[in-house]
Amino acid sequence: MAGPRVEVDGSIMEGGGQILRVSTALSCLLGLPLRVQKIRAGRSTPGLRPQHLSGLEMIRDLCDGQLEGAEIGSTEITFTPEKIKGGIHTADTKTAGSVCLLMQVSMPCVLFAASPSELHLKGGTNAEMAPQIDYTVMVFKPIVEKFGFIFNCDIKTRGYYPKGGGEVIVRMSPVKQLNPINLTERGCVTKIYGRAFVAGVLPFKVAKDMAAAAVRCIRKEIRDLYVNIQPVQEPKDQAFGNGNGIIIIAETSTGCLFAGSSLGKRGVNADKVGIEAAEMLLANLRHGGTVDEYLQDQAKFIVKKSEDEEDAAKDTYIIECQGIGMTNPNL
């Protein structure tokens, strides 16, 4: 029999979908019934949007749970989880809602399922207000796998704002538990690479211009490294709709990864898109940490000044995150 519900105020943090994703995933993992109120109270269109709804429904299906109040525009849901079983599941935002955010809500759950999972996630792969799928594959994946699991992410079709239409298939086997990691050695930057893409009706020249502008911008600050940004025309059968964007990755001698990325919008010239991504990357490198701003903001942290003599002079902080020590009851 379900115990008392955990009550969560959905207007905290930035008042968006993040608190909903985190609390639903934790409810599913811990087997605790949940009520979230004031969902997305801080947004211009409050309540559930299609991408939040499809994420919730997938979590419900993963664990044979019960979900109430789950409809577009709803500002309150209740969720009663059961055992996480895994299997094949689909979540379709039917919009440009981000497949990467669908991955964020489902990944913790399938890691602690009873059997392997295959998730078909449909929506935007390279959309605003969310990580680009390239970031997920090129930065998030190698670093999160240090926790002791692997996942496969197969990009079937790319989808852009406003139509979406992309599809990614994520395959993952459950683990007994996750290993803690230490990422405290920055090392020095050894390579910089990336991809500048156009899809649909956009001319290939746009990809070349984004790449060239980004390279010029990086060269001003980092002169001794070859910067390899590939311009790419997405094949017609692997992209839905029109879009352009760029992601640039810097890799260090200790295996740290940093990124800068940007998406084209109507009326914004290609150079500007390239420069924006390059400047984001350079800013992430300047701060001297071991992860970029997007990887660092994903849980609750203790921040303390480093005691290390060498670090003390440089005003360095150690950021620690205490995991919940989750173990898989099904394995």
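All figures in this text were calculated on a predicted structure; none of them were measured in a lab.

Caption draft 1: Representation of the packing of helix α1 (residues 18-30) against helix α3 (residues 99-111). Where α1 meets α3, the closest approach of the two axes is 8 Å, and the angle between their N-to-C directions is 20°. When the axis of α1 is compared with that of α3, the two are roughly parallel. Read as a crossing pair, α1 and α3 show a hand that is right-handed. From α1, Gln 18, Arg 21, Thr 24, Ala 25, Cys 28 and Leu 29 reach across to α3, where they touch Leu 101, Gln 104, Val 105, Pro 108 and Cys 109. Of the residues that constitute the contact of α1 with α3, the class distribution is seven nonpolar, three polar and one charged.

Caption draft 2: Broad picture of the packing of aromatic side chains. The final tally for this structure, using the stated rule, is four aromatic pairs. On the numbers, 6.5 Å between centres and 55° between planes, the contact of Phe 140 with Phe 151 is tilted. Here Phe 151 lies in strand β7 (residues 151-159) and Phe 140 lies in helix α4 (residues 133-144), a separation of 11 residues in the sequence. Plain terms: the ring middles of Phe 149 and Phe 151 are 6.4 Å apart, the flat faces sit at 25° to each other, and that makes the pair stacked. Of the two residues examined, Phe 149 and Phe 151, each falls in the buried class. Through pairs of rings, three or more aromatic residues link up here, namely Phe 140, Phe 149 and Phe 151. Note that Lys 141 overlies the ring of Phe 151, its terminal NZ or CZ placed 5.3 Å from the centroid. Above the plane of the ring of Phe 240 lies Lys 163, whose end atom (NZ or CZ) is 5.9 Å from the centre.

Caption draft 3: Spatial organisation of the side chain of Ser 27. Relative to the helices and strands, Ser 27 resides in helix α1. Ser 27 has contacts with Leu 32, Pro 33, Leu 34, Phe 79 and Pro 81, leaving out every residue within four places of it along the chain.

Caption draft 4: Focus on the nonpolar core. Ile 77, Phe 79, Met 103, Leu 121, Phe 151 and Val 170 are the most contacted members of the largest nonpolar core, which has 54 residues in total. Among the elements that make up this core, the one with the highest residue count is α3 (nine residues).

Caption draft 5: The arrangement of the sheet that holds strand β5 (residues 87-92) in detail. Reading across from one edge, β5-β6-β8-β7-β11 is the order of the five strands in this open sheet, with mixed pairing throughout. The open sheet has two free edges, formed respectively by β5 and β11 (239-240), since each of these has just one partner strand. Packed on one face of the sheet, α3 meets β5, β6 (117-123), β7 and β8 (166-172) and runs near 165° to β6. Lying on the sheet, α4 is in contact with β7 and β8; it crosses β7 at an angle near 170°.

Caption draft 6: Quick look at a nonpolar patch on the surface. A cluster of nonpolar side chains, Val 6, Val 22, Leu 26, Leu 30, Leu 32 and Ile 324, forms an exposed patch at the surface whose accessible area comes to about 460 Å². Among the elements that line the nonpolar patch, the one with the most residues is α1, at three residues. In this structure, Ile 324 sits in the segment after β15 (317-320).

Caption draft 7: Representation of a negative patch on the surface within the structure. Taken together, the side chains of Glu 185, Asp 308, Glu 309 and Glu 310 present a region of like negative charge at the surface. With respect to the helices, strands and loops of the structure, Glu 185 is situated in the loop between β8 and β9 (189-199). Under the relative-accessibility criterion, Glu 185 is labelled exposed at 57%.

Caption draft 8: Here's a closer look at the sheet that holds strand β13 (residues 257-263). Taken in spatial order, the four strands line up as β10-β9-β12-β13 in an open sheet, and their pairing is mixed. Among the strands making up the open sheet, the edge pair consists of β10 (227-233) and β13. Neighbour-to-neighbour, the strand axes of the sheet open up by a mean angle of 15°, direction not taken into account. Along the sheet, α4 makes contact with β9, β12 (243-252) and β13, crossing β13 at roughly 165°. Relative to β13, helix α6 (residues 270-286) is tilted by about 155°, and along the sheet it contacts β9, β12 and β13.

Caption draft 9: Spatial organisation of unusual backbone geometry. Residue Tyr 161 is joined to Pro 162 through a cis peptide bond whose omega torsion reads 0°. Located in the positive-phi region is Lys 94, a residue other than glycine, with phi close to 55°. Assignment of secondary structure puts Lys 94 in the loop between β5 and α3. One non-glycine residue, Met 129, adopts positive backbone phi at about 65°. Among the secondary structure elements, Met 129 is positioned in the loop between β6 and α4.

Caption draft 10: Representation of α6. Between its terminal C-alpha atoms α6 stretches 25 Å, which fits the 24 Å expected from 17 residues at 1.5 Å a residue. Three or more residues of α6 are buried, namely Ala 270, Val 273, Gly 274, Ala 277, Ala 278, Met 280, Leu 281, Leu 282, Asn 284 and Leu 285. The secondary structure elements touched by the buried residues of α6 are β9, α5 (204-221), β12, β13 and α7 (293-296). Looking one or two residues beyond α6, the residue adopting positive phi is Gly 288, at roughly 75°.

Caption draft 11: Geometry of the environment of Val 227. Turning to its location among the elements, Val 227 is positioned in strand β10. In the structure, Val 227 is positioned 173 residues away from Ser 54 in sequence and 39 Å away in space, judged by C-alpha atoms. Not counting the four nearest positions on each side in its chain, Val 227 is found in contact with Ile 192, Val 215, Ile 218 and Arg 219.

Cut-offs and rules
- Residues numbered from 1 in each chain as written.
- Predicted model: local features only at pLDDT ≥ 70, side-chain atom pairs only at ≥ 80, totals over all residues.
- Heavy atoms only, no water.
- Axes fitted to C-alpha atoms, helices over the stretch in contact; angles between N-to-C directions.
- Helix = DSSP H or I, 4+ residues; strand = E, 2+ residues; numbered from the N terminus.
- Parallel < 35°, antiparallel > 145°, perpendicular 65-115°, else oblique.
- Left-handed = near helix turned anticlockwise from the far one by under 90°.
- Contact = heavy atoms within 4.5 Å.
- Nonpolar A, V, L, I, M, F, W, Y, C, P; charged D, E, K, R; others polar.
- Phe/Tyr/Trp six-rings, centres within 6.5 Å; stacked < 30°, edge-to-face > 60°.
- Buried < 20%, exposed > 50% of the residue type's maximum accessible area, 1.4 Å probe, protein only.
- Lys NZ or Arg CZ within 6 Å of the ring centre and 35° of its normal.
- Core = buried A, V, L, I, M, F, W, Y, C linked by side-chain atoms within 4.5 Å.
- Pairing = 2+ DSSP bridges.
- Patch = residues over 30% accessible without salt bridge, like charges linked within 9 Å, V, L, I, M, F, W, Y side chains within 5 Å.
- Areas by Shrake-Rupley, 256 points an atom, 1.4 Å probe, with all protein chains shown as cover.
- Salt bridge = Lys/Arg side-chain N within 4 Å of Asp/Glu carboxyl O.
- Lys, Arg positive; Asp, Glu negative; His and termini not counted.
- Charge placed at Lys NZ, Arg CZ, Asp CG, Glu CD.
- Expected span 1.5 Å × (residues − 1).

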